[in-house]
Amino acid sequence: MSAKPAGRTILASTIAKPFTEEIVANVSKLSFKPKLVGFLANDDPAAAMYASWTGKTCESLGFQYDLITVDKNELEASLIKANKEDEVSGIMVYFPVFGDRQDQYLQQLISPEKDVEGLNFMYYHNLYHNVRFLDPPNNEQKSILPCTPLAMVKILEYLGVYNSLLHYGNRLYGKKVLIVNRSEIVGRPLAALLANDGATVYSVDINDIQQFTRGDDLSEQRHKVIDLDTGVHSVESLAPTCDVIITGVPSDNYKFPTEHVTNGTVVINFASAKNFNEDIKLKAGLYVPSIGKVTISMLLRNLIRLIENREVRDRSE
Ligand code: NAD
């Protein structure tokens, strides 16, 4: 007979449910059907699949979704046009398109007012500097967070890792989190967000390990980063000390070493590859094998937030 896990596996669909319900309720309060436009300018089947999945979710939750397939050399003009169209509430692009820095230029071309993925540098700046509103001191317009790091925060809240008895903004105080991925899309902003909320984060990438912390002095608004000495610290030595382990390694060959996970640890994989072997279920307290459905909820939650921010601006004009 196979061993029975002491912990539980929690599916992204379960975690996404309360968010999708909230989104449906918020859309129904609007006087119009919000439109999200997705631009597909590559022939990557994974992008086409993600686009079709986004479309289905949008339609089922009360949004309008237009998928526009364009030649990559026409994308710039198409984005400029969509920025100006009043009936378009949110814009996203399925990257990579050129696969180099031109993609960054195209991403930044999307108006921050329609940047549903929260990838504009202004939003990143706010995230890294722990600035939560766009309009201090009124604080009526919330800054937009990139979808996947935001999804991870919501997952950690759902799993009870955030302690709601602690002050808002410090609810991960005392928690240690290991993140294997430091991409600018997910791993680095995620490490910063969790450290801004009080956690000690060990951020691992292919080259090194960094530590992100907020420190004990709450008047310090933003996290600090130091390089750890990899002669002293390693995934193997840090993992057993952590309350949470998060992975996002985009390779089928990579497997996180289960033997270094302490019983009861919260374990989350956001890579499309399976970064854990099945035996992780015998160690993890709560195990979330993938997070895509929560990310897509956050995309639509961001879209509602962009609309709310616009309403605040319209009122104050
Ligand atoms: P990326 O290639 O930009 O970054 C990969 C990161 O992993 C880098 O920091 C790299 O140094 C690190 N890494 C790679 N191999 C490693 C190893 N052996 N040990 C330690 N670190 C290693 O990729 P990305 O854009 O961050 O995406 C990563 C994965 O997450 C992909 O599978 C992607 O599909 C998935 N993803 C999922 C969502 C979602 O919401 N579910 C969103 C974005 C990305």
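Named according to an unreviewed UniProt entry, the chain is Methylenetetrahydrofolate dehydrogenase [NAD(+)] originating from [Candida] railenensis. Checking UniProt for the chain, the heading Function (unreviewed entry) contains the comment "Catalyzes oxidation of cytoplasmic one-carbon units for purine biosynthesis."

A. Fine view of the overall build of the chain. Within the chain, the secondary structure is distributed over nine helices and 11 strands. Compactness check: the chain gives a C-alpha radius of gyration of 20 Å against a globular reference of 20 Å for 317 residues, within 12% of the reference. Taken over the C-alpha atoms alone, the chain extends approximately 55 × 45 × 40 Å along its principal axes. The buried share of the chain, taken over its 317 residues, is 48%.

B. Region of interest: the site of the ligand. Residues in contact with the ligand amount to 18 residues; listed here are only the nearest, Asn181, Arg182, Ser183, Ser272 and Thr295. A distance of 2.8 Å is found between an oxygen atom of the ligand and a side-chain nitrogen or oxygen belonging to Ser272. Across the shell around the ligand, the residue classes tally to nine nonpolar, seven polar and two charged.

C. The domain arrangement of the chain, seen in detail. On domain assignment, one finds that the chain holds domain 1 (30-113) and domain 2 (148-292). The centre of domain 1, based on its C-alpha atoms, is set 30 Å off from the matching centre of domain 2.

D. Geometry of the packing of aromatic side chains. Evaluated as defined, the whole model comprises five aromatic pairs. Ring geometry for Tyr50 against Tyr94: centres 5.6 Å apart, planes inclined by 85°, an arrangement best described as edge-to-face. Here Tyr50 is found in helix 2 (residues 45-61), whereas its partner Tyr94 is found in the loop between strand 4 (90-93) and helix 4 (101-109), with 44 residues between them in sequence. The class of Tyr50 is partly exposed, set by a relative accessible area of 25%.

E. Structural view of the UniProt feature "domain: Tetrahydrofolate dehydrogenase/cyclohydrolase NAD(P)-binding" (unreviewed entry) in the chain. In this numbering, the UniProt entry assigns the feature "domain: Tetrahydrofolate dehydrogenase/cyclohydrolase NAD(P)-binding" (unreviewed entry) to residues 146-211. Taken end to end, residues 146-211 is 33% helix and 20% strand, and its two terminal C-alpha atoms sit 21 Å from one another.

F. Up close: the sheet that holds strand 8 (residues 224-227). Read across the sheet, eight strands follow the order 1-11-10-9-5-6-7-8 without closing on themselves; strand pairing throughout is mixed. Since the sheet does not close on itself, it has two edges, and those belong to strand 1 (8-9) and strand 8, each with one partner. Summarising the sheet, strand 6 (residues 200-204) and strand 7 (residues 209-213) pair through four bridges and their orientation is antiparallel. In the sheet register, Ser203 faces strand 7, and the bridge partner there is Gln210. Along the sheet, helix 6 (residues 147-158) makes contact with strand 9 (244-247), strand 10 (266-269) and strand 11 (286-288), crossing strand 10 at roughly 150°.

What counts and how
- Residues numbered from 1 in each chain as written.
- Predicted model: local features only at pLDDT ≥ 70, side-chain atom pairs only at ≥ 80, totals over all residues.
- Heavy atoms only, no water.
- UniProt positions renumbered as here; feature names shortened; annotations may be inferred.
- Helix = DSSP H or I, 4+ residues; strand = E, 2+ residues; numbered from the N terminus.
- Rg over C-alpha atoms; globule rule 2.2 N^0.38 Å.
- Buried < 20%, exposed > 50% of the residue type's maximum accessible area, 1.4 Å probe, protein only.
- Near = heavy atom within 4 Å.
- Polar contact = N/O pair within 3.5 Å; in protein donor to acceptor, adjacent residues only side chain to side chain.
- Nonpolar A, V, L, I, M, F, W, Y, C, P; charged D, E, K, R; others polar.
- Domains from an automatic or database assignment.
- Phe/Tyr/Trp six-rings, centres within 6.5 Å; stacked < 30°, edge-to-face > 60°.
- Pairing = 2+ DSSP bridges.
- Contact = heavy atoms within 4.5 Å.
- Axes fitted to C-alpha atoms, helices over the stretch in contact; angles between N-to-C directions.

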